[in-house]
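Tertiary structure, described
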Amino acid sequence: SSSSSSSSTTSGGGGGGGRIFLYLMGERAPFEGALTFSEAQVDPAQYSGARCGPDGTLDPQDPRCAKLTIAGSVSPCDEESRRLALEALFASHPQMAHWPKGHGFVPCEMKIREENGLWMLYNFGGGEILGAADYYGSSPVRHSMKGLGGGGGGRSLEEEGSS
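First things first, this report covers the structure right here in the doc. (Residues numbered from 1 in each chain as written. Predicted model: local features only at pLDDT ≥ 70, side-chain atom pairs only at ≥ 80, totals over all residues. Heavy atoms only, no water.)

**Topic: the packing of aromatic side chains**
So the rule is basically this: Stacked, tilted and edge-to-face are the three classes assigned to paired rings of Phe, Tyr and Trp, where Trp is represented by its six-membered ring and a pair needs centres within 6.5 Å; plane angles under 30 degrees give stacked, over 60 edge-to-face, the rest tilted. In this description a helix means any DSSP run of H or I spanning at least four residues, a strand means any run of E spanning at least two, and both kinds are numbered starting from the N terminus. Here's how the labels work: a residue is buried when its accessible area is under 20% of the maximum for its type, exposed when over 50%, partly exposed in between, all with a 1.4 Å probe on protein chains only.
Within this structure, the stated rule accounts for five aromatic pairs. The interplanar angle of 25 degrees and the centroid separation of 5.8 Å between the aromatic rings of Tyr 23 and Trp 99 together place this pair among those described as stacked. Residue Tyr 23 is found in strand E2 (residues 20–25), and its partner Trp 99 is found in the loop between helix H2 (79–92) and strand E5 (105–112); the two are separated by 76 residues along the sequence. Under the relative-accessibility criterion, Tyr 23 is labelled buried at 8%. Each ring, one from Trp 99 and one from Phe 105, has its centre 4.7 Å from the other, and the planes form 50 degrees; the classification is tilted. In textbook terms, an aromatic cluster arises when at least three aromatic residues are bridged by ring pairs, as seen for Tyr 23, Phe 90, Trp 99 and Phe 105.

**Some thoughts on the side chain of Lys 67**
Under the convention used in this document: Charged residues are defined here as Lys and Arg on the positive side and Asp and Glu on the negative side; His and the ends of the chain fall outside this count. The working definition used for a salt bridge is a side-chain nitrogen of Lys or Arg within 4 Å of a carboxyl oxygen of Asp or Glu. Polar contacts, as counted here, are pairs of nitrogen or oxygen atoms within 3.5 Å of one another; within protein the pair requires one atom able to donate a hydrogen and one able to accept it, and residues that are adjacent in sequence qualify only if both atoms are side-chain atoms. Any two residues whose heavy atoms approach within 4.5 Å at even a single point are treated as in contact.
One can find Lys 67 in strand E4 (residues 67–76). For the buried Lys 67, which has no salt bridge, the nearest side chain bearing the opposite charge is Asp 62, at an N-O separation of 6.8 Å. A polar contact of 2.5 Å, which involves the side chain of Lys 67, links it to the backbone oxygen of Cys 65. Excluding anything up to four places from it in sequence, Lys 67 contacts Phe 37, Ser 38, Pro 60, Gln 61, Asp 62, Trp 119, Met 120 and Leu 121.

**Quick look at the nonpolar core**
Soluble globular proteins: nonpolar side chains tend toward being buried together. Heads up, the rule is: Buried residues of nine kinds, namely Ala, Val, Leu, Ile, Met, Phe, Trp, Tyr and Cys, make up a nonpolar core once their side-chain atoms join them within 4.5 Å.
Ile 20, Leu 22, Ile 70, Val 74, Met 110 and Ile 112 are the most contacted members of the largest nonpolar core, which has 13 residues in total. If you list the elements that add at least two residues to this core, you get E2, E4 and E5. Looking at this core, the element that brings in the most residues is E5, giving four residues. With residues near it in sequence (within four places) discarded, Val 74 still touches Leu 22, Leu 24, Ala 29, Pro 30, Phe 31, Cys 108, Glu 109 and Met 110. Membership of the second largest hydrophobic core comes to 10 residues, among which are Phe 21, Ala 85, Leu 89 and Met 96.

Below is the structure:
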């Protein structure tokens, strides 16, 4: 079957410049796809009971719990991008390097749709449509998140990843 039963993403750790890599099963032709991320998915302390917001008290369905949907084309990485994709994926998810070779995992990249590839909801009043240039032209902002590090000490995601 050509369907994927397992994938993982990273926003390009290891110098990926915000590129979105996935590790999918089987060779595949390019296809259109979308990913949706919720603030509640980012903080492991919120997985159980899924809460978000500055105090970790908001329901994930609350509009103030930020959500980003990214739409674009997904295709296997070319030889030039393959090494970067594997480095980024394995840096964020070390266990992937040990997944069974016989399962046919292939590094793929999502190219964000140019004009309307992003939709963000982060408050009441509706979402906002953004283009790929907005995404690639932005600078990452690191927010402290309650619960990281086990003590709620407000460590940033960047600090958490380096420990």
